[in-house]
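Spelled out, the chains give:
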Amino acid sequence: VFNVHIVDHLSAKALREKYKGHERYGVKLENIEEVDFIWQGQPLHELIRKEHCYDWIIASHVIEHVPDLISFLAECERLLKPSGVLSLIIPDKRYCFDYFNFPTSTGELLDANERRCARPSPGKVFDHFANAAMRGNSIAWDKSSSGTMKLMHTLEQARGNWEKAKSSTDYIDVHNWRFTPASFRLLLTDLRALGLS
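Residues numbered from 1 in each chain as written. Predicted model: local features only at pLDDT ≥ 70, side-chain atom pairs only at ≥ 80, totals over all residues. Heavy atoms only, no water.

Student: Help me understand the overall build of the protein chain in this model?
Tutor: Counting its regular elements, the protein chain contains seven helices and six strands. Moving toward the C terminus, one meets the helices and strands of the protein chain in the order β-α-β-α-β-α-β-α-α-β-β-α-α. Computed over the C-alpha atoms, the radius of gyration of the protein chain is 17 Å, within 12% of the 16 Å expected from 2.2 N^0.38 for a compact globule of 197 residues. For the C-alpha atoms alone, the extent of the protein chain along its principal axes is close to 50 × 40 × 40 Å. Classification of the 197 residues of the protein chain by burial places 37% in the buried group. Within the protein chain, contacts between residues at least 6 apart in sequence are counted, and of these 75% link residues at least 24 apart. Side-chain charges of the protein chain comprise 25 positive and 26 negative groups, with the mean position of each set lying 3 Å from the other. (Helix = DSSP H or I, 4+ residues; strand = E, 2+ residues; numbered from the N terminus. Rg over C-alpha atoms; globule rule 2.2 N^0.38 Å. Buried < 20%, exposed > 50% of the residue type's maximum accessible area, 1.4 Å probe, protein only. Contact = heavy atoms within 4.5 Å. Lys, Arg positive; Asp, Glu negative; His and termini not counted. Charge placed at Lys NZ, Arg CZ, Asp CG, Glu CD.)

Student: Sorry, what's going on with the packing of helix 3 (residues 69-79) against helix 4 (residues 106-114) here?
Tutor: Between two packed helices, what matters for the description is the angle formed by their axes and the separation of those axes. Interaxial distance between helix 3 and helix 4 falls to 7 Å at its minimum, and their mutual angle equals 75 degrees. As summarised for this structure, helix 3 and helix 4 are arranged roughly perpendicular, according to the angle between their axes. Where helix 3 abuts helix 4, its residues Leu69, Ile70 and Ser71 lie against Leu109, Leu110 and Asn113. Among the residues forming the contact of helix 3 with helix 4, the class breakdown is four nonpolar, two polar and no charged. (Axes fitted to C-alpha atoms, helices over the stretch in contact; angles between N-to-C directions. Parallel < 35°, antiparallel > 145°, perpendicular 65-115°, else oblique. Nonpolar A, V, L, I, M, F, W, Y, C, P; charged D, E, K, R; others polar.)

Student: How do you make sense of the nonpolar core when you look at a structure like this?
Tutor: Soluble globular proteins: nonpolar side chains tend toward being buried together. Ranked by size, the top nonpolar core spans 25 residues in total, and within it Tyr54, Leu69, Phe72, Leu109, Trp177 and Phe179 carry the most contacts. Here this core takes six residues from helix 3, the largest share from any one element. If we ignore the near neighbours within four places in the chain, the residues touching Leu69 are Ile63, Leu109, Trp177 and Phe179. In terms of nonpolar packing, the next biggest core, distinct from the first, is built from seven residues, Phe129, Ala158, Ala165 and Val174 among them. (Core = buried A, V, L, I, M, F, W, Y, C linked by side-chain atoms within 4.5 Å.)

Function cannot be read off these values alone, since they describe shape.
Encoded structure:
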C-alpha cells in the first residue's frame, strides 16, 4: 500500500475545467487525481508541514512550470528522506509547443531564484503565448512526425496575457523553462558546481 499525496496549483475540479477542450490532444480529464495540497507559491515544506518524509517524489511535467526551479529542487531535497529519489518527466522543447522558444540558461534560473519568483514573470507569460507552436494539429510530436508548424495564439492574445500578468495577481500557468536533454544536463552541472543543487 502506497501513501501518496498530490500537489498542484489548482484543485482537481479546477484542473478538469482548465483542460476542458484538451481531450483532442489526448488529455483524459477523468485521469486527473484529487489534489491534496494546492500550491500558491509558498515553500513546499510549509504547504505540506513536514520535512524528510517522502521516499519518492515524482514530478511529471512540473519543473518547466515552476517559477523558481532552484528553490523547487531545494524543496524536493528538503521533503525527501536521505535515501529518497526525485524522478522528473520533462518535455524536450524540440518536440512540443516550446519549439520556437530558446532553451533556458543557467543565468535565467539564477535570476528567478534571486527574485524568489512565485509567479511567472510577464515576459515569460508573453513568450509562452507568443511562441507556442503546433505541428499539424499536435502540441507534442516525435522525430517521425510531419506537418506544418504554426503558432497556437495570436499576437493580440499574447499581448492580452502579458498585460494581465503585469496588472493582476492571478497565477498564469505557462512553461517558464525549456530544455533539451543536453541543455538540462548542462544546467544541472552548473547548479551543482555553484552549490545550488
